[in-house]
Amino acid sequence: MIIKVGNFECTEVWDGVFYKKLSRYPQITDWELRTIIEFIEYVRKYGRECRIECEDAELLKRIHEKIRKKKIYLKAARPALLTECTACPYRK
């Protein structure tokens, strides 16, 4: 699986690619990092591997560094308002 991190319309899995929209690209929140880590763990559970891609090389480097300390980020609390999905124009 490929994980593409960026400023997409929404977070979705499509055709073997997990498109991860960041709410304030190129900044990444602890919650967003948690969702990436949980996705990687889910994929590995079924014997597959993930590759992370991002146009921002510095962000990609930070993501890899933080994933090495995943125990910290797996405790991140869900934010009161999720803003990464734009599929619902009424609730955003």
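Up top you'll find the structure we're talking about.
Here we take up the pairing of strand β3 (residues 17–21). When you tally the buried positions in β3, you get four out of five residues, the bulk of the element. Inspection of the sheet shows strand β1 (residues 2–6) paired to β3 by five bridges, in the parallel sense. Looking at β3, one finds that G6 is bridged to K21. Inspection of the sheet shows strand β2 (residues 12–14) paired to β3 by three bridges, in the antiparallel sense. When the bridges of β3 are listed, W14 appears paired with V17. Where β2 hands over to β3, the hairpin turn is made up of two residues, of which D15 adopts a positive phi near 55 degrees.

Rules behind the numbers
Residues numbered from 1 in each chain as written. Predicted model: local features only at pLDDT ≥ 70, side-chain atom pairs only at ≥ 80, totals over all residues. Heavy atoms only, no water. Buried < 20%, exposed > 50% of the residue type's maximum accessible area, 1.4 Å probe, protein only. Helix = DSSP H or I, 4+ residues; strand = E, 2+ residues; numbered from the N terminus. Pairing = 2+ DSSP bridges.

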